[in-house]
Amino acid sequence: MRNFRLFCTNLLGLCFLFSDSQTEGFGDSGSLPPTPNISHFSDKQSLGVSWPRNQGASERDVYEIQISRTENHTIIYNRNVSISAGDSAQYTWTWLSDLPLECVDHSVRMRSFCHQTGPSPWSNWITNHGTKARDKFKIFPSQSVLKEGSNVMFCCVAPVGVNITSITFKDMPYPLLNIGDGVKAILVSNLAIPTNLIKILSVTCTDSAGKTSSVGKSVSFPPQRPRNLSCTTSDMINIRCSWDPGRKRDQYDRNNQTQTLHIENTDQAPIPCQSSSCIFPAVPQRQEYNIRVEVKDQLGEEMATYSFNISDRVSPVLEWDRVIPEVTEVSLSWTVLGNLTQNNFLCQVSVDTETISKQTLRSENGLCKVRLEGLHPNMGYSAKARCSVNGRLWGKWTWPVLFTTCPLVTLDLWRRIDYRSDSDIRRVTLLWKPHVFGRATTVKIQAYTVKWSQEGQTLTEPMDSRQSQADISIGPKKCNFTVQAVLNNGSSIPAHITILPKDNSEIPLLKKSLNKTSAGGFSLWWDERTSVTCGYTVEWCILGGSASCTLQWIKVPKGNNTLFLPPGHFKCTEHGDKLLEIQTGYTQELRSVKYPSLIKLVKSTHASVTLEWHYDEEDAAQPAFITGYLVTVQKVQSDTAPVLFNVSVGDPRQKSLTIEGLQQHQEYVCSVSALTKVGPGLPASITIRTKTNYFSHLTKILTPILLLLGCTALLWPQRILLKNVLKKIFAYPAGMNIKTPEFESFLNEIDQKLQSHKVEECIGCDIEVMHIKPLWHESTILRTPEHTNTMCSPAFQPSLPPSCVPLQTGYCPQSTVLLCERPIHQQIMCIANKSYLSMIAEPQEVEFTEIRSSFEKL
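Nothing here was measured: the structure is a model prediction, and the numbers come from that model.

Draft legend 1. Just the overall build of the protein, in detail. Helices and strands together make up the secondary structure of the protein, namely four helices and 56 strands. Burial analysis of the protein (858 residues in total) assigns 39% to the buried set. Summarising the internal contacts of the protein: among those between residues at least 6 apart in sequence, 63% fall at separations of at least 24. Roughly 50300 Å² of accessible area belongs to the protein as shown, and the carbon and sulfur atoms make up 52% of that amount.

Written out as structure tokens, the structure is:
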């Protein structure tokens, strides 16, 4: 009994305990609703709702939230929100409105669902009140900058009793949306940034009385994330970070931005920055940096992070020290700013956008030097340089420094020698032409200095700057001359020439070719001498004028033996210049030149001929320069035969030609004439005959023979099969089935059938049986010994000997035919129509193995 009472007491306690826990939760309809609070964020048109966590809430609570507009609490939004239980005692939820919250009242209420039971009662409406207009319109949204590409709802709040009749955006009316008492709105989609000069967009409200109110808005885009963020230092003291800000903003954009740099691994305050860069002092004793750059404006914010070691981000800054130009070189020096501890730098120097030097330089007290070669004299250049500490991060290029190389003047020196027959004294006329390289500056020659030395004696003679030649008398010995120009800032490069000792020996002429060109000059060619060490000098002079001849010359480098100039050949050796030849050319050419001589046939085939001729193209008696030859070929058939070939030879030194494409065993007339600039001269002709092409005839004969031999070789392995085929073709007709033992009865039967036929109605036949020796057991004897002298009679007799046997044919009735033997040595049996046999010699013994027959009409 006591145990029963104890059980009831415990059960009652559990009931009270369960009842208390249910009361503390929100499981029944009589539980308390949540108490929300709301906050208004007008810049984002968002409404924040927060409420405390219920006592005894489960791990995941569900709340139903409703949002209404106007004083009538028109429901515009309804949603269930599931929130996980956490450490926070306060829940927060945000709702974004398409209509600015200032336009009209917005209210919020909510209820909860606990332990999947019935909902709690609704909480009271918590209202965020809109703006009330008193004496003039109010237009929302209030922010002056709107986001590009967004959809915006503009509203007008009118004073009490005022009716809004229209709302315009950029002076364009839009359909009105009735929001509530005295509140109307319009919806503008996909806002765009204006492209005209005026960037302000107006929103205007008009009432029934015609009163208006306007506000200006601007459209912009939100900030972009900084790209390519990097940091460098030039002195290990200050750090400069830079980035790409992205899309460029218009100068009239009213969406002002702020950039801020944060050093996250230090406690330093944020550092304000420029739009694309930021400079801040390095933190003492710190190598690693973690930075964050934030960009903010009225439409949002973006950020980028970057980590680096300051020792790896050294970017040297250079400053020019000195530039010392020379004729073809320049010496550059610069200092490295920042008092960097490194002594070795990898530097690049660029001249006129072309990097021509990249080398490691050692800094002496921060000073680096470099010398560049290979420049052109008297020419302006611009140079710039940059350096690196590790070869990976390069500093910026310096500002270009301008300089001009020094001028260069050279003298082209030549001489003319006049010999006296009665003395060893030679008169030398030195001639020179100055060459000034480059055009950057004007070079003025002050004077010339002429020096010559002979037999250990040196003499000097100054010359005026207007002179270009000097006359000097020398002896028969070798003499060296030097001419140098005197400039306002120095001297030119000395020009040297050597006069060889006097030599009266005869000089062998060079093989040469001299042609006048269409340009009015001369095309000159000569044989190259192996003894030439420094090239050739060609001089010329125009004759026939009233004034004296002015000598002109040109130097030809070694290895060249052609020139477009008037004639003249000189050889230059290391001992001086030696006259080789003087030649006179023509300024006007004639056409009537002589014909080539000794034209002959060198080689002939069935389809080509090779001609060779002789011609002296350097003959002074010629009235023109020979430029080549014209070769024509035509058949000998008639004088009016067309020209088959017309070939020009462009080299006057080439005096042979091979003409191909001719016909075999044919006569041709070949003509050769010399060509000038005016045209061809007189022709020289020769008649030739091409050879016969025996090979083609041999091919025609051998081709069928080879084909026959080939067919024989191919068919020879099949000769047995071929023989059987021929047997079938020439054998007796099918169906006769003649056998040797039945031959006698066969002949008798045929004879009886053909007795009544007339001669003219029958078909005659001759059957020859060729003897082929059969095996002994296959041979058949067709006669008996006792009938060896019996003749075949015209009529059938029962006592016919076996040697006369009727033969049956399958085509038409025949007269009786008899088989008659021939002599043994012929080994042939003859079967003939007996109607035409008058007498047959007695047959010999014949052995049969095969019968061949042929039938034809008589």
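From this point, the discussion proceeds with the structure in view.
Draft legend 2. Fine view of the sheet that holds strand S19 (residues 258-263). The strand order across the open sheet built from four strands is S20-S19-S22-S23, with neighbouring strands paired in antiparallel fashion. Where the open sheet ends on each side, the last strands, each with one partner, are strand S20 (271-273) and strand S23 (300-309). If you compare each strand with its neighbour and ignore which way they point, the axes differ by 25 degrees on average. Pairing between strand S22 (residues 288-297) and S23: 10 bridges, direction antiparallel. By the bridge assignment for S23, isoleucine 291 is matched with tyrosine 306.

Draft legend 3. Main features of the pattern of salt bridges. All chains considered together, the criterion is met by 16 salt bridges. The residue glutamate 64 makes a salt bridge to arginine 111 at a minimum N-O spacing of 2.8 Å. Residue glutamate 64 is found in strand S3 (residues 60-69), and its partner arginine 111 is found in strand S6 (residues 106-113); the two are separated by 47 residues along the sequence. Considered together, glutamate 64 and arginine 111 belong to a single accessibility category, that of buried residues.

Draft legend 4. Layout of helix H2 (residues 694-715). Compared with an ideal rise of 1.5 Å per residue, which puts 22 residues at 32 Å, H2 spans 32 Å between its outermost C-alpha atoms and is within 8% of the ideal. Along H2, the largest kink reaches about 30 degrees and is centred on leucine 702; proline proline 704 follows within four residues of it. With respect to burial, H2 is a largely exposed element, only zero of its 22 residues being buried.

Draft legend 5. Quick peek at the sheet that holds S3. Reading across from one edge, S4-S3-S6-S7 is the order of the four strands in this open sheet, with antiparallel pairing throughout. Two strands lie at the open edges of the sheet, namely strand S4 (74-84) and strand S7 (126-128), each paired on one side alone. Mean inter-strand twist for the sheet, computed between neighbouring axes without regard to direction, equals 25 degrees. With 10 bridges joining them, S3 and S4 adopt antiparallel strand pairing. Bridging across to S4, glutamate 64 finds its partner in asparagine 80.

Draft legend 6. Here's a closer look at the pairing of strand S18 (residues 238-244). Burial along S18 is one-sided: the face carrying Ile239, Cys241 and Trp243 is buried and the face carrying Asn238, Arg240, Ser242 and Asp244 is not. The sheet contact formed by strand S17 (residues 227-232) and S18 spans four bridges and is antiparallel. Its bridge partner being in S18, arginine 227 is matched across the sheet by aspartate 244. Joining the antiparallel neighbours S17 and S18 is a turn of five residues, in which methionine 236 adopts a positive phi near 65 degrees. Relative to strand S21 (residues 277-281), S18 runs antiparallel, the two sharing five bridges. Looking across to S21, one finds that serine 242 is bridged to serine 277.

Draft legend 7. Region of interest: the state of the cysteines. By the definition in use, this model includes five disulfides. Covalent S-S linkage joins cysteine 156 and cysteine 205, the inter-sulfur distance amounting to 1.4 Å. Placement of cysteine 156 in strand S10 (residues 152-157) and of cysteine 205 in strand S15 (residues 201-207) is noted, with a sequence separation of 49 residues between them. Judged by relative accessible area, which is 0%, cysteine 156 ranks as buried.

Draft legend 8. Main features of the nonpolar core. Among the nonpolar cores identified, the biggest contains 28 residues, and Leu430, Trp432, Val450 and Phe481 are the most heavily contacted of them. Apart from the residues lying within four places of it in its own chain, the contact partners of leucine 430 are Leu413, Trp414, Arg415, Val450, Ser468, Gln469, Ala470, Ile472, Phe481, Val483 and Ile497.

Draft legend 9. Seen up close, the pairing of S6. Counting buried positions along S6 yields six of eight residues, so the element is predominantly enclosed. Looking at chain direction, S3 and S6 are connected through eight bridges and run antiparallel. Bridged to serine 68 within S6 is serine 107. Strand direction decides the pairing type here: S6 and S7, joined by three bridges, are antiparallel.

Draft legend 10. Examining the side chain of aspartate 207 more closely. Topologically, aspartate 207 is positioned in strand S15. The charged side chain of aspartate 207 is buried without a salt bridge, its nearest counter-charge being lysine 211 at 5.7 Å. A distance of 3.2 Å separates the side chain of aspartate 207 from the backbone nitrogen of alanine 209, its partner in a polar contact. Not counting residues within four places of it along the chain, the set of residues in contact with aspartate 207 comprises Phe137, Val162, Asn163, Ile164 and Thr165.

Draft legend 11. Here's a closer look at the side chain of serine 608. Residue placement: serine 608 occurs in strand S47 (residues 608-614). For serine 608, a relative accessible area of 14% puts it in the buried group. There is a polar contact of 2.8 Å between the side chain of serine 608 and the side chain of threonine 605. Setting aside residues no more than four positions away along its own chain, serine 608 makes contact with Lys603, Ile659, Glu660 and Leu662.

Draft legend 12. Region of the structure containing the packing of aromatic side chains. Under the counting rule described, the total for this entry stands at 16 aromatic pairs. Their ring planes at 20 degrees and their centres at 5.7 Å tell us that tyrosine 381 and phenylalanine 403 sit as a pair that is stacked. Pair noted here: tyrosine 381 is in strand S29 (residues 380-388) and phenylalanine 403 is in strand S30 (residues 401-404), with a separation of 22 residues, a long-range link. Just as tyrosine 381 is buried, phenylalanine 403 falls in that class too. An aromatic cluster of at least three residues, connected via ring pairs, comprises Phe280, Tyr289, Tyr306 and Phe308. The ring centre of tryptophan 397 lies 5.0 Å from the NZ or CZ of lysine 384, which sits over that ring. Across from the ring centre of tryptophan 414, 4.4 Å away, lies the NZ or CZ of arginine 415, which sits over that ring.

Draft legend 13. Examining unusual backbone geometry more closely. Note that the residue after phenylalanine 140, namely proline 141, is joined by a cis bond; omega there is 10 degrees. Relative to the helices and strands, proline 141 resides in the loop between strand S8 (138-140) and strand S9 (145-147). Residues other than glycine seldom take positive phi values, yet threonine 70 does so here, at roughly 65 degrees. Its place among the elements puts threonine 70 in the loop between S3 and S4. With phi around 65 degrees, glutamine 285 is a residue other than glycine that occupies positive phi space. You can see glutamine 285 is positioned in the loop between S21 and S22. Take glutamine 285: its relative accessible area is 83%, and that puts it in the exposed class.

Draft legend 14. Structural detail: a nonpolar patch on the surface. A cluster of nonpolar side chains, contributed by Leu698, Ile701, Leu702, Ile705, Leu706 and Leu709, occupies part of the molecular surface with about 560 Å² of accessible area. With relative accessibility at 43%, the residue isoleucine 705 sits in the partly exposed group.

Draft legend 15. Spatial organisation of the confidence of the model for the protein. Looking at the protein as a whole, the pLDDT averages 76, with 71% of positions reaching at least 70. For residues 12-30, every residue scores under 50 in pLDDT, and the model assigns this stretch 16 contacts once sequence neighbours within four places are set aside. Per-residue pLDDT stays below 50 along residues 566-573; that stretch engages in 52 contacts with residues further than four places along the chain or on separate chains.

Draft legend 16. A look at the environment of cysteine 156. On a C-alpha basis, the gap between cysteine 156 and phenylalanine 140 in space is 6.7 Å, while along the polypeptide they are 16 residues apart. Sequence-distant contacts of cysteine 156, defined by excluding residues within four places in its chain, comprise Lys138, Ile139, Ile164, Ile167, Gly182, Val183, Lys184 and Cys205.

Definitions and limits used
- Residues numbered from 1 in each chain as written.
- Predicted model: local features only at pLDDT ≥ 70, side-chain atom pairs only at ≥ 80, totals over all residues.
- Heavy atoms only, no water.
- Helix = DSSP H or I, 4+ residues; strand = E, 2+ residues; numbered from the N terminus.
- Buried < 20%, exposed > 50% of the residue type's maximum accessible area, 1.4 Å probe, protein only.
- Contact = heavy atoms within 4.5 Å.
- Areas by Shrake-Rupley, 256 points an atom, 1.4 Å probe, with all protein chains shown as cover.
- Pairing = 2+ DSSP bridges.
- Axes fitted to C-alpha atoms, helices over the stretch in contact; angles between N-to-C directions.
- Salt bridge = Lys/Arg side-chain N within 4 Å of Asp/Glu carboxyl O.
- Expected span 1.5 Å × (residues − 1).
- Bend = angle between axes of the 7 residues up to and from the residue.
- Disulfide = S-S within 2.5 Å.
- Core = buried A, V, L, I, M, F, W, Y, C linked by side-chain atoms within 4.5 Å.
- Lys, Arg positive; Asp, Glu negative; His and termini not counted.
- Polar contact = N/O pair within 3.5 Å; in protein donor to acceptor, adjacent residues only side chain to side chain.
- Phe/Tyr/Trp six-rings, centres within 6.5 Å; stacked < 30°, edge-to-face > 60°.
- Lys NZ or Arg CZ within 6 Å of the ring centre and 35° of its normal.
- Patch = residues over 30% accessible without salt bridge, like charges linked within 9 Å, V, L, I, M, F, W, Y side chains within 5 Å.
- pLDDT = per-residue confidence, 0-100.

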